[in-house]
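Overview (structure and organization)
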Amino acid sequence: MEIVFTSMNGWTGTILYVDLGKGKSTVDRYPGELAYGFIGGRGFAVKLLWDLLKPGTSPLSPENLLILAAGPLTGLPVPSSGKLVIASKSPLTGGYGDGSIGTHAAVQMRRAGYDAIVLKGRAENRSILVVDDDRVELVDAEDCWGLSTSEVERRVKKDYGGDAAVVSIGPAGENLVKYANVVSQGGRAGGRPGMGAVMGSKNLKALVFRGSGEIPVADRHALKKEASETYRRITELPNYGFWRRQGTMATVEWSQENSVLPCMNFREGVFEEAEAIGGFAMEKIKVGQRGCPYCNATCGNLVEDSTGSVSELDYENVAMLGANIALGDLEKVATLNRMADELGLDTISLGNAIGFAFEASERRLLDERLEWGSFEDAKTLVENIAYRRGLGALLAEGVRYASLKLGGGSERWAMHVKGLEISGYDCHSAPGMALAYGTSPIGAHHKDAWIISWEVKTDRRSYSGEKVDKLIELQRIRGGLFEFLTLCRLPWVELGLELERYPRLLYAATGLRLGFDKLFEVADRIYCLIRAFWVREYGGWSIELDYPPDRWFEEPTRKGPCRGSTLDREGYGSMLQLYYARRGWSPQGIPRRSTMERLGLANEAEELSRYVNIPD
Ligand code: PTT
Ligand code: SF4
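So, a few notes on the structure that sits alongside this text. (Residues numbered from 1 in each chain as written. Chains lettered and ligands numbered in written order. Predicted model: local features only at pLDDT ≥ 70, side-chain atom pairs only at ≥ 80, totals over all residues. Heavy atoms only, no water.)

Re the nonpolar core
Tyr96, Leu330 and Leu345 are the most contacted members of the largest nonpolar core, which totals 173 residues. Ranked by residues supplied to this core, first place goes to helix H22 (residues 516-538) with 13 residues. Non-local contacts of leucine 345, meaning those with residues more than four positions away in its chain, are made with Ala172, Val177, Tyr179, Ala180, Asn181, Ala340, Leu350, Val382, Ile385 and Ala386. Counting residues in hydrophobic clusters, the runner-up holds 29 residues, among them Ala70, Leu119, Val167 and Phe209. (Core = buried A, V, L, I, M, F, W, Y, C linked by side-chain atoms within 4.5 Å. Buried < 20%, exposed > 50% of the residue type's maximum accessible area, 1.4 Å probe, protein only. Helix = DSSP H or I, 4+ residues; strand = E, 2+ residues; numbered from the N terminus. Contact = heavy atoms within 4.5 Å.)

Below is the structure:
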C-alpha cells in the first residue's frame, strides 16, 4: 500500500526536483513509506539514489544526481538541528558518498517547504540556483566563477539579502578536484567524497535558500518543552565549559597520549610537536567562536592564522594538515586550513595527499624535492591541487589513483579505503578503529564509528567479537540515527547528552513513537541499501575493498609507547567475517536476499540480483 502525505507533521512531505540542463523544476509529494522507512537525511539520499540513478553513471556526468536531504527535526528549534546531508555517487570512490554540513541552508530549505532537493543535469551556463519558497530560479553566475567560497557567499548575501542561506564551492569544485567539498558560513564544510566536484560538474557555483513557511509539528507545546529541557541539560553537563573552550581540538592531546595521532603519512601514531598544535596552543590564538544553527554547544574555534586572517579549526584539520605532514606550527596549519575552506577542498584528503607527496618525494618517486614539515611546500601543493597544476593535477585525483600512476610500491602506503582517504586516527594499534574505517559506508571516515575512544580504554590490541558488536552499535547510532535524523551528534558524543532524548524529540515533532529497536532497524535498512548500492555500482564485491592499507599490517611504528605495533591480518579478517555475519551479509560482503527481505528491501534485492548473484 502506498501512503501519500496529505498533511504530515515533522516532514513537509515534499521533494524539489531540479533539472539544471532544462532549467526546470518540479515539486512532488512523496510516499509515506519513504518517511517511515528511511526517516530523512542519509536515508532519503540513498533511497533516492538507488531509485533514480542509472547504475554505471559516471559521477561527473550530467546524469549523476546531487541530493540535499534533511530530517524531520531539521530546522526546528531543537538542539543542533541545523545540519544537512549532501550526497551523490562519489567521483573519488565510485560508490555512495555523503557528508553532513552545519548550515542555515538546512533551516531555510525546510522553511521553503522541502525535505530534500534532487539536482540532475548540467546547467548550460555557470549558475547559481536560488530557492526562495516556491520560486526556483537558475541565475547566471559567470562573474562568480573563480571566487573563493567566502567571496561568493558575501556576493550572494549582497544580492539576495543577509538572511539568504548559501552553500557553495570554491575553485577546487570548479576544477573537479575529486575531494572538493561544499562550504557554508565561512568554515562549515561537508561532502568529503567529492560532493563539491559533482556540484562543479553541474556548472553550479552555489545554492541559495530562503524560506518563510512554518515547518509542521505534531505537538508544538511538547516539542518546545522537550527542546528547552535539552538545551538546559546540555549546559549542565560537566564537560560543557571545556568543550566551549576547545571543541574538537582537545582531541589532539588525547590522540597523542593514546598513540593514534597520525604522523608522516600514518607511519606513526605520535608527533613530537603535538603540544604546539593542540587544544591549549589553540586557545592562545583563539579570537572567537562560531557554530551551526540552533546549537548551544558551539564548537567552531576561530583563530588568527600566520597571515593574520581568521581560520576555523577542528581536530581533523589539525591532525591532517599538521601532524600528518609533520608541520608543528599551529598558525601555519591554520593558514593551510583557511586556504582549504576558501578553495573548497576537504582538509582530510588534502592532508593525506600532501603526506603522500612528501613521502613519494623522500622515496625519490617524484622529480620534485619536497620536505616533511615544509609550510611553503604544503602551501604550493594546496594551490596546485585546487588549480590542477603540475603534480597537483595528479594529487587532485586522490591518493588511490596517484599511487596507481606512480607505482614503486606506493599503493602500500596510499592511505585510503575504497578510494576515500583516511581521517585522523592511526590504527597500527587500534584494530577496532581499523575495522571502522574498513566498513564505513563511504570509505575511510570516522563519522560512522569512532570506536577508538572506547577501544583504547578496553583491550586495544584484541580482535574480539565484542569489538565487532560495539562497532555495529556505534554505526547504528552515529551513521544511522544521527544521519537520518540529520542532527549533530556531538552533544551526545562529547558531552554525554542522553540518547533517549532524541526519540522523544522525534515523537513531539512527528507524532511517531519509535523505540531504539525500530530506529536501529531503519539504520540497518540504510546500511544494507548503501552496501547494495556499492555492489551494484562495482558489479560485485571483493573483501579486499573492506581492508585498510598494507602499511598498518606491515610497517611497525617506531615511536611512542605503542612502538613496534602492527595490525594482524588474520585477526582483522576474522573480525571482518564476523561483521558480515552480524549484518546478514555473505562471506564475500554481499547482503543476503533474506536480510534484504527482512529489512523491507525485497524489490531492491530483486534489482540487485540483475547485476550480481546474491546469496540466499
Ligand atoms: C567532515 C570532516 C570533518 S569531521 C572535519 S573536522 W570533525 C573536516 N572539516 C573541514 C573543514 O573545516 N574545512 C574543510 N575545507 N574541509 C573539512 N573537511 C573535514 O570534514 C563539522 C562537525 C565536526 S568537526 C564533526 S567531527 C561532526 N561531524 C558530524 C557528522 O558527520 N554528522 C553529524 N550528524 N553531525 C556531525 N557533527 C560534527 O560536525 P563531512 P561541519 Mg562536515 C573547517 O561533513 O563530509 O562528513 O566531513 O560539517 O558543519 O563543518 O561540522 O573533527
Ligand atoms: Fe555545529 Fe559544533 Fe554545534 Fe555540532 S556542536 S551543531 S558541529 S557547532
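Let us keep going from here.
Structural notes on the coordination of the magnesium atom of ligand 1
Looking at the magnesium atom of ligand 1, one finds just one donor atom contributed by the protein, Ala189 (O), at 2.4 Å. With respect to the helices and strands, alanine 189 occurs in strand S11 (residues 188-190). (Donors = N, O, S within 2.8 Å, 3.2 Å for Na, K, Ca; no water.)

With respect to the sheet that holds strand S13 (residues 286-290)
Taken in spatial order, the three strands make up an open sheet running S13-S14-S15, and their pairing is antiparallel. Lying at the two open borders of the sheet, with one neighbouring strand each, are S13 and strand S15 (310-313). Each adjacent strand pair in this sheet contributes to an overall mean axis angle of 35 degrees, direction not counted. Two strands pair when backbone bridges link them, and S13 and strand S14 (residues 300-304) are joined in this way by four bridges, in the antiparallel orientation. Within the sheet, the bridge partner assigned to arginine 290 lies in S14 and is glycine 300. Running at roughly 95 degrees to S15, helix H12 (residues 330-343) makes contact with S14 and S15 of the sheet. (Pairing = 2+ DSSP bridges. Axes fitted to C-alpha atoms, helices over the stretch in contact; angles between N-to-C directions.)

Some remarks on the environment of leucine 119
Inspection of the secondary structure puts leucine 119 in strand S6 (residues 116-120). On a C-alpha basis, the gap between leucine 119 and glutamine 289 in space is 33 Å, while along the polypeptide they are 170 residues apart. If near-sequence neighbours (up to four positions away) are discounted, leucine 119 is found in contact with Val18, Leu20, Asn64, Leu65, Leu66, Leu68, Leu129, Lys202, Leu204 and Leu207.

Looking at the pattern of salt bridges
Evaluated as defined, the whole model comprises 54 salt bridges. Ionic pairing is found between glutamate 376 and lysine 379, a salt bridge with its closest N-O pair at 4.0 Å. In this pair, glutamate 376 and lysine 379 are both assigned in helix H14 (residues 375-386), three residues apart and thus about one turn of the helix distant. A relative accessible area of 46% places glutamate 376 in the partly exposed class. A salt bridge links glutamate 607 to arginine 610, with the shortest nitrogen-to-oxygen separation between them at 2.9 Å. Judged by relative accessible area, glutamate 607 falls into the buried class, the value being 18%. (Salt bridge = Lys/Arg side-chain N within 4 Å of Asp/Glu carboxyl O.)

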